[in-house]
Every structure is written in C-alpha cells, then in structure tokens.
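Structural characterization, general
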Amino acid sequence: MSIYTRKPRTPTLAIALLIKAIDTDYTLEPYHPVPIPGPDEALIRCVAVSLNPVDWQSKAYNFGITSLPWVDGRDTSGVIEAVGDNVSNFHIGDAVFTLTDYTNSHAGSYQEFFIAAASSIARIFSGMSFESAAAVLVAAITAAISLQRYMRISPGPSCSALGDERHWLLIWGGATSTGYMAIQLAKIYGLSVIAVASPANYEYLRQAGADVVLDRNKPDEALRRIREITRGKLRLAFDAVGPTTARLCASALCKEPGQPLPVLVALAGIPKDSRVKLFHNEPAFGSRLLQELTAYLAVGRLKPPRISVVSGGFEAVNLGLLRLRNKEISGQKLVIRAYETSHSRELRHDLGWL
Ligand SMILES: NC(=O)c1ccc[n+]([C@@H]2O[C@H](COP(=O)([O-])OP(=O)(O)OC[C@H]3O[C@@H](n4cnc5c(N)ncnc54)[C@H](OP(=O)(O)O)[C@@H]3O)[C@@H](O)[C@H]2O)c1
C-alpha cells in the first residue's frame with residue numbers, strides 16, 4: 001500500500017554524504033545528482049540507514065571505493081520513488097528495506113535518493129519500523145550466507161547430515177549484529193549455539209536462542225568450556241570479531257583424524273574478503289535468501305538487532321562511525337533517520353512528517 005496520498009516531486013539534485021578522499025570524514029553535499037534507475041532497478045527515497053563497520057573500514061583501508069566522490073551506506077529502509085520498466089512487483093509509495101550493492105556509488109544510501117536492484121528489495125511489513133528494517137539485512141544476509149554457503153547448513157532438518165548427535169556452532173562475537181542474527185538462524189536450522197560475548201549481553205543472546213553464553217573477557221576459560229561442552233568434537237565456528245578471536249575459534253575446532261573437516265568462517269580482519277557480496281553477485285541466490293529471511297522476520301522467528309537511533313540525520317554519520325570504530329557500541333546497531341538532516345525539510349514535508 002502506498003504511503004503517499006499524493007506523489008511528491010522527485011528533485012534532480014538532493015542531499016548526499018560524499019567521500020571525497022580516503023580516510024577522511026564524509027562531507028555533506030546538498031545538491032548531488034539524483035540517480036536514474038535502470039530497467040530492473042528502483043529509485044528509493046531514503047528514510048533510515050544503519051551504520052555498519054564496513055562503512056568506516058572501506059574508507060580507512062580503501063577497498064570497494066572505485067571512484068571519488070563516492071557514496072557509502074547499504075543497510076536501508078525507504079519509500080519507492082520510481083521503478084524501471086521491468087519492475088512490476090514494487091510500486092511508487094511502497095515502504096521497503098534493502099541491502100544495496102557495495103560496488104555502486106548510486107546505490108549508496110547515505111543520500112536522499114538511491115537506487116537498488118528490484119531483486120534486493122523487500123516490503124516492510126506491519127509492525128516493523130523503518131528504523132528496525134534498516135538494521136537487519138547486512139547482518140542477516142551475512143549470517144545466512146555464512147551458514148548456508150560456507151558451512152553447508154540449510155533450512156530444514158538437514159543438520160542431521162553433520163553426523164553428531166548435537167550440532168554445535170561456536171559464535172565468537174555473539175553480540176555483534178551479525179552474531180546475533182547468526183544465533184537465531186542457527187537455531188532455526190537446528191544447531192546448538194555457544195556464543196561468546198560480554199556478560200552484559202548474556203540475556204539478550206539467550207533470548208535470541210543461544211544455548212550457552214561464555215565471557216569474552218576470559219578466553220581461556222571459554223575455550224575450556226567449549227571443549228568440555230562439545231566433548232572436543234566442535235566442527236563449526238563463526239568469528240565476527242577479528243584475527244585474534246578467529247585464532248581462538250580455530251584452536252577450539254576438532255582436528256582429529258577421521259572426523260569431518262571443521263569449518264571456520266571469519267568475517268573480520270580480511271577486509272577485502274566480503275561474504276555479503278554474494279547477495280548481489282548471485283541475484284537468484286540473493287533473492288531466495290531475502291525471501292527466506294523476510295518470511296522469518298514477518299512471523300517473528302527472526303528479530304532484528306536492537307537499535308539505537310542517533311539524531312541528526314546524515315550529519316550524525318561521521319560521529320556514529322567513529323563510535324563504531326572506537327568499539328563504544330555494545331549489542332546494538334546505530335541507525336540514523338535521513339529526514340533529520342538539517343537540509344531535508346522537503347523530504348519531511350513530502351512524507352507528511354513536518
Ligand atoms: N565479510 C563480510 O561480508 C562481512 C559482513 C558483515 C560484517 N562483517 C564484519 O564483521 C564484523 C562484525 O560486524 P557487526 O556489524 O556484526 O559488528 P558490531 O555489531 O558492530 O559488533 C559490535 C560487538 O562486537 C563485540 N566484540 C568486540 N570484541 C569482542 C571480543 N573480543 N569477543 C567477543 N565479542 C566482541 C562486542 O560485543 P560485547 O558488547 O558483547 O562485548 C560488540 O557488541 C565487522 O568487522 C564487520 O566489518 C563482514
């Protein structure tokens with residue numbers, strides 16, 4: 001159902017946060033050209049965007065930025081503004097969320113209007129806020145790709161193919177957004193989960209389904225408990241923190257001859273090794289994943305990570321990413337509302353929020 005009673009005018013120039021040089025702050029540009037969607041794309045009016053570590057990492061380490069100025073921002077909700085000729089399943093005014101293509105600056109959602117492939121868009125459903133919708137897909141898609149593609153775990157009862165009577169997955173960084181989504185998906189797929197996090201997040205992770213939670217501040221004790229619980233047979237580990245914890249995960253895995261080969265998925269520390277890019281590189285696979293995840297979200301089997309809204313719109317992104325980089329954020333995702341940007345009175349007016 002369209003959220004518009006009257007379709008607003010689409011400007012040709014709009015606000016964007018630009019990367020003008022590597023490892024510098026974003027600059028707010030009030031008059032950046034609004035992209036034009038291709039035949040299989042939609043133009044989306046940005047409402048909320050979540051802040052992901054990749055946003056500061058790509059800028060700091062110069063990866064994924066193929067030209068300057070560049071627009072980042074991928075995990076987003078908004079309203080369909082226009083659709084390409086081949087798009088029949090979305091209409092102007094639909095409230096949607098998406099994970100846009102990292103390789104395309106026009107798809108960066110730190111701007112008022114951005115484009116997305118129709119296959120990467122899902123409708124926001126009743127009860128889901130724009131802010132929560134913007135916080136879910138990078139984490140959920142990455143977790144799903146890690147489990148399905150790298151660990152060969154699929155939805156349904158196929159976990160029994162692993163051969164153990166209990167199927168343990170170790171998630172180091174359970175309170176990362178990705179870890180939180182991985183815990184929930186692993187439970188849906190029939191695995192048992194050991195999550196390592198700060199004690200302050202234990203309850204949050206237990207509610208997500210973690211069977212065992214262990215203290216990240218006592219890694220030796222955590223390793224001892226992991227070996228005890230899995231009787232030294234751990235086969236699956238997921239690290240969402242960095243090289244040091246990835247090594248801890250590797251040391252917990254079973255390497256006995258004659259046992260199935262262990263699998264470690266390490267998300268961080270190898271910036272150029274992006275798992276999430278499969279979502280766009282294989283559109284049929286990506287679209288199937290999106291359908292699966294939105295079906296779980298719609299019935300509450302999958303819950304978005306906790307969010308904290310940072311006020312100030314696009315102008316708050318630099319500071320928000322600095323807080324992520326400084327590891328000040330625990331067990332939640334930072335989200336900004338595009339319409340809070342001081343220049344975006346027109347957007348607020350068009351959405352009826354002025
Ligand atoms: N390769 C890919 O395709 C891909 C995709 C998505 C994400 N990533 C990467 O994966 C990493 C996680 O991303 P995210 O957005 O999920 O992170 P996030 O939500 O920003 O992670 C913050 C959390 O990290 C946890 N943490 C920090 N140090 C820890 C440690 N030593 N042990 C356990 N937990 C620790 C903290 O947990 P506590 O508060 O409990 O201490 C904190 O809550 C980032 O480096 C990101 O770039 C890669």
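All figures in this text were calculated on a predicted structure; none of them were measured in a lab.

Take helix H7 (residues 243-252) next. Buried within H7 we find Thr245, Ala246, Leu248, Cys249 and Ala252. Summarising the axial view, the buried residues of H7 lie within an arc of 155°, below the 170-degree limit, and thus occupy one face. Structural note: H7 exposes Pro243 and Thr244 on the side pointing more than 90 degrees away from its buried face. Buried residues belonging to H7 abut strand S8 (168-172), helix H6 (219-229), strand S11 (236-239) and strand S12 (263-266).

Taken domain by domain, the chain holds domain 1 (13-136 + 304-350) and domain 2 (158-266). Taking the mean C-alpha position of each, domain 1 and domain 2 sit 32 Å from one another. When the residues that make up the side of domain 1 that touches domain 2 are grouped by side-chain class, the tally is 1 nonpolar, 2 polar and 1 charged.

Let's shift gears to the nonpolar core. Most often, soluble globular proteins have nonpolar side chains that are buried together. By size, the foremost hydrophobic cluster in this structure holds 108 residues, and its most contacted members are Ala42, Ala140, Ile141, Leu170, Ile183 and Ala195. Of the residues forming this core, the biggest block, 9 residues, is contributed by helix H3 (residues 137-150). Per-domain counts for this core show at least three residues from each of domain 1 (13-136 + 304-350) and domain 2 (158-266). For Ala140, the contacting residues outside a window of four places in its chain are Met181, Leu293 and Leu302.

What follows is about the site of the ligand. Around the ligand sit 31 residues, and of these Ala175, Thr176, Thr178, Ala268 and Ser330 come closest. Split by residue class, the shell around the ligand holds 15 nonpolar, 13 polar and 3 charged. Counting only domains with at least three residues in the shell around the ligand, you end up with domain 1 (13-136 + 304-350) and domain 2 (158-266).

Here we take up the sheet that holds S12. The strand order S10-S9-S8-S11-S12 describes an open sheet built from 5 strands, whose pairing is parallel. Two strands lie at the open edges of the sheet, namely strand S10 (212-215) and S12, each paired on one side alone. Adjacent strand axes in the sheet meet at a mean angle of 15°, parallel and antiparallel pairs treated alike. The pairing of S11 with S12 spans 4 bridges and is parallel. Each bridged residue has a counterpart across the sheet, and for Ala237 the counterpart in S12 is Leu264. Helix-sheet contacts for helix H4 (residues 177-188) involve S8, strand S9 (192-197) and S11, and the interaxial angle to S9 is about 165°.

What counts, and at which threshold
Residues numbered from 1 in each chain as written. Predicted model: local features only at pLDDT ≥ 70, side-chain atom pairs only at ≥ 80, totals over all residues. Buried ≥ 20, exposed ≤ 12 C-beta atoms within 10 Å, placed from the backbone. Helix = DSSP H or I, 4+ residues; strand = E, 2+ residues; numbered from the N terminus. Arc of directions from axis to C-beta. Contact = placed C-beta atoms within 7 Å. Domains from an automatic or database assignment. Nonpolar A, V, L, I, M, F, W, Y, C, P; charged D, E, K, R; others polar. Core = buried A, V, L, I, M, F, W, Y, C linked by C-beta atoms within 7 Å. Near = placed C-beta within 6 Å. Pairing = 2+ DSSP bridges. Axes fitted to C-alpha atoms, helices over the stretch in contact; angles between N-to-C directions.

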